[in-house]
Amino acid sequence: MIRTTLLFISFIALGFASPNVARDLRPHERREDVPDGFTSHGPTSPDVVLKLRLALVQTDITGLQDDLMAVSTPDSPRYGQHLSKEEISTLVTPKPETISAIQSWLTSNGLTSTTLSPFGDWLGISTTVAQANVLFDADFTNFTHDETGTTAIRTLAYSIPASLKGHLELVHPTITWWYDGSFPAPRNSKLPISFTPSKKKRAIGAAPSSCDTEVTPACVQELYNVPATFATQSSNTLGVSGFIDQFANQADLTQFLTQSRPDIPPSTSFILQTLDGGTNPQQSSQAGIEANLDTQYTIGVASGVPTFFISVGEDTQDGDLGGFLDIINFLIGEDTRPQVLTTSYGQNENTISRALANSLCNAYVQLGALGTSILFASGDGGVSGGQSGSCRTFVPTFPSGCPFMTSVGATQNVDPETSASFSSGGFSNYFGTPSYQTAAKSAYLAKLGRTNSGKFNTSGRGFPDVAALGVSVQIVWQGETGTVDGTSCASPIFASIVSLLNDRLIAAGKPVLGFLNPFLYSAAGQAALNDITTGDNPGCNTNGFPATAGWDPVTGLGTPDFSKLLTAVGL
């Protein structure tokens, strides 16, 4: 009886908008069940207003992907010839007939839209649950994340009008869940990246007695042949993503530089950029472990490179993606942007719909085509996903499965350097093997044989691509010196080394590296990395994948050697 009443109310709502709208709907996206860790609390009240996002079909995203590969592959005649926003616009901006079809449908249903992306391929609309249930043949329901108590409204399936097939890519948020299994963590939950106070004091600027027990910038410089000399090109910048109310503290940075990089002026700071209502309060109690780590190991390793801390607030426009899409659209829309972007956050691939994952991945294509190197931490759960958890089959993380960004795993120790057991790695269930990885992945699978057979997708894109130190990394947090672990340490370290390479390239009148993977997987790129051949990444009641000679889904191709990389890029 209640269900009948709700449907009746829904039809009334639609009727007021347009009494003559034909409802020729076709199933578009669905998921079979509610993800683990979430509980349904029944249908959402019909008068609740939803903010939905519509992804429009882009004009020629395949052409843009081809262009990205052409400008990123070292032996291509177009290598380094990154695209302009105008060139990207011609490939991304939806066709006139798509825009017309979408706007006609919106108007006929009494809806108006707001443009949410630089090229008009994302629109925002507001509608009631009653109308949305009818428009999309959906069943919007209240869900709670059991661990954090966070609530949201989702549906397990939805349809779109037949007239919009080929014009409407997806509607969001619908079947994508949020931050379940994310790293560092969901909102309002304890960060898995924990802080351990240091027990021993050392001389200012000196390396620890053993970099196996505490990693500092001096350890990174020594192990990876990173120069302490300052960058010289002011146009070369490095971006650090900040999410979930993680704030970077200047006083902690000053203390960190004084202790670990006394050659860098202690007043050195990051440049703050904000979007979606982001802030960066400086009270010591609000300093974030992750934000401090990311800024301290970019400014502390990429000596002299101007570093932006990009704080994304909670007024997000991307529908519970936590600003993941917003920050990319923000940077695409800027006249100038960092040539390197490091992000230490992500989520399990199975919490995001295939269509939405593909759309986000295509946003990385756009930013990469503009010449930005995009690096993400691979996650901290071994083969069980972003965080350690129970599983029967291996859980890939997102966006590491996207083939148009660089995924960074973690290592530990220095003599010898070995893989960190928590380093997330594996094979995507959404994205196939990119051409640049085919040979390296095939060689690994041949060595792996039947190990873990049936637990992963052998045809999927493998990750991570590379790695860096991620265990016992020393930072300053709330005025105290201590250590942290995680691939969150590795991504800013590797990104810093890329930024230093870009500085040298700009000084020599050459283009920056941009999308890294075709270069990294080339013969010259692989030869400039330290191959990590020991360790594994356990999970799902298995030992996970073993690290071996060559690429592996634990540490990728290996860790950086700045001197060798400098030669590999032609300097």
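From a predicted model like this one, the values you see are computed outputs, not experimental measurements.

### Here we look at the overall build of the protein chain
Piece 1. Secondary structure assignment for the protein chain yields 15 helices and 26 strands.
Piece 2. Against the globule reference of 25 Å for 571 residues, the protein chain gives a C-alpha radius of gyration of 24 Å, in line with a compact fold.
Piece 3. Taken along the three principal axes of its C-alpha coordinates, the protein chain extends 75 × 55 × 50 Å.
Piece 4. Excluding contacts between residues fewer than 6 apart, the proportion of contacts in the protein chain whose partners are at least 24 apart in sequence is 81%.
Piece 5. Here the protein chain contributes 30 positive and 48 negative side-chain charges, whose respective centroids are spaced 3 Å apart.

### Some points on the pattern of salt bridges
Close approach of charged atoms lets side chains of opposite charge pair.
Piece 1. Applying the stated criterion across every chain yields a total of six salt bridges.
Piece 2. Of the charged contacts, one joins Arg26 and Asp24 as a salt bridge, the two residues approaching to 3.4 Å between their closest N and O atoms.
Piece 3. Of the residues examined, Arg26 reaches a relative accessible area of 39% and is grouped as partly exposed.
Piece 4. Residue class for Asp24 comes out partly exposed when judged on its relative accessible area of 41%.
Piece 5. Salt-bridge contacts for Lys85 lead to Asp335; the nearest nitrogen and oxygen are separated by 3.7 Å. Highlighted residues: Lys85 in helix α3 (residues 85-92) and Asp335 in the loop between α9 (324-333) and β14 (340-343), separated in sequence by 250 residues.

### Looking at the environment of Arg78
Piece 1. As for its placement among the helices and strands, Arg78 is situated in the loop between α2 (61-72) and α3.
Piece 2. In sequence terms Arg78 and Leu170 are 92 residues apart; their C-alpha atoms lie 33 Å from each other.
Piece 3. If we skip the residues at most four places from it in the chain, Arg78 touches Asp67, Ala70, Val71 and Leu83.
Piece 4. Side chain to side chain, Arg78 and Asp67 meet in a polar contact 3.0 Å long.

### Digging into the packing of α2 against helix α10 (residues 354-369)
Piece 1. For the pair α2 and α10, the least separation of the axes is 10 Å and the interaxial angle reads 45 degrees. The angle between α2 and α10 falls in the class oblique. Considering how the two elements wind past one another, α2 and α10 form a crossing that is left-handed. Every residue of α10 that contacts α2 at Ile61, Leu64, Gln65 and Leu68 is listed here: Asn362, Val365, Gln366, Gly368 and Ala369.
Piece 2. Classifying every residue of the contact of α2 with α10 gives five nonpolar, four polar and no charged.

### Comments concerning the packing of helix α7 (residues 250-260) against helix α8 (residues 289-299)
Piece 1. At a closest axis distance of 10 Å, the pairing of α7 and α8 adopts a crossing angle of 40 degrees. By the angle between their directions, the pair α7 and α8 is classed as oblique. Taken as a pair, α7 and α8 cross one another with a handedness that is right-handed. Along the contact surface, α7 presents Asp252, Leu253, Phe256 and Leu257, while α8 presents Asn292, Thr295, Gln296, Tyr297 and Ile299.
Piece 2. Looking at side-chain class alone, the contact of α7 with α8 contains five nonpolar, three polar and one charged residues.

### Some points on the confidence of the model for the protein chain
Regions with low pLDDT carry predicted coordinates that are not meant to be interpreted in detail.
Piece 1. Chain-level statistics for the protein chain give a pLDDT mean of 90 and a share of 90% at 70 or above.
Piece 2. Segment residues 1-22: pLDDT under 50, and 21 contacts once partners within four positions in sequence are set aside and those in other chains are kept.

### Points about helix α12 (residues 487-507)
Piece 1. With 21 residues, α12 should reach 30 Å at 1.5 Å per residue; the first-to-last C-alpha distance of 31 Å fits that figure.
Piece 2. A large share of α12 lies buried, amounting to 18 of its 21 residues.
Piece 3. Residue Gly509 follows α12 closely and has a positive phi angle near 80 degrees.

### Details of α3
Piece 1. Considered for burial, the residues of α3 that qualify are Ile88, Leu91 and Val92. Within α3, the buried residues cover an arc of 90 degrees as seen down the axis, which keeps them to one side. For α3, the exposed residues set more than 90 degrees away from the buried face come down to Glu86 and Thr90.
Piece 2. The elements touched by buried residues of α3 are α2 and α10.

### Describing the sheet that holds strand β5 (residues 122-128)
Piece 1. Taken in spatial order, the four strands line up as β4-β5-β3-β9 in an open sheet, and their pairing is antiparallel. Of all strands in the sheet, those with a lone pairing partner are β4 (114-115) and β9 (168-172), marking the two edges.
Piece 2. Judged from the seven bridges that link them, strand β3 (residues 49-56) and β5 form a sheet pairing that is antiparallel. From the neighbouring strand, Leu50 faces β5, where its bridge partner is Thr127.

### Quick notes on the packing of aromatic side chains
Piece 1. Taken as a whole and judged by the stated rule, the model has 19 aromatic pairs.
Piece 2. Site record: aromatic cluster; members linked through ring pairs are Phe394, Phe427, Tyr444, Phe456, Phe545 and Trp551.

### Concerning the nonpolar core
Piece 1. Core analysis: the largest hydrophobic core is formed by 146 residues, its most contacted members being Leu54, Leu64, Phe136, Tyr364 and Phe545.
Piece 2. Ignoring anything within four residues of it in the chain, the contact list for Leu54 reads Trp105, Leu106, Asp121, Trp122, Leu123, Ile125, Leu168, Leu170 and Val171.

Conventions and cut-offs
Residues numbered from 1 in each chain as written. Predicted model: local features only at pLDDT ≥ 70, side-chain atom pairs only at ≥ 80, totals over all residues. Heavy atoms only, no water. Helix = DSSP H or I, 4+ residues; strand = E, 2+ residues; numbered from the N terminus. Rg over C-alpha atoms; globule rule 2.2 N^0.38 Å. Contact = heavy atoms within 4.5 Å. Lys, Arg positive; Asp, Glu negative; His and termini not counted. Charge placed at Lys NZ, Arg CZ, Asp CG, Glu CD. Salt bridge = Lys/Arg side-chain N within 4 Å of Asp/Glu carboxyl O. Buried < 20%, exposed > 50% of the residue type's maximum accessible area, 1.4 Å probe, protein only. Polar contact = N/O pair within 3.5 Å; in protein donor to acceptor, adjacent residues only side chain to side chain. Axes fitted to C-alpha atoms, helices over the stretch in contact; angles between N-to-C directions. Parallel < 35°, antiparallel > 145°, perpendicular 65-115°, else oblique. Left-handed = near helix turned anticlockwise from the far one by under 90°. Nonpolar A, V, L, I, M, F, W, Y, C, P; charged D, E, K, R; others polar. pLDDT = per-residue confidence, 0-100. Expected span 1.5 Å × (residues − 1). Arc of directions from axis to C-beta. Pairing = 2+ DSSP bridges. Phe/Tyr/Trp six-rings, centres within 6.5 Å; stacked < 30°, edge-to-face > 60°. Core = buried A, V, L, I, M, F, W, Y, C linked by side-chain atoms within 4.5 Å.

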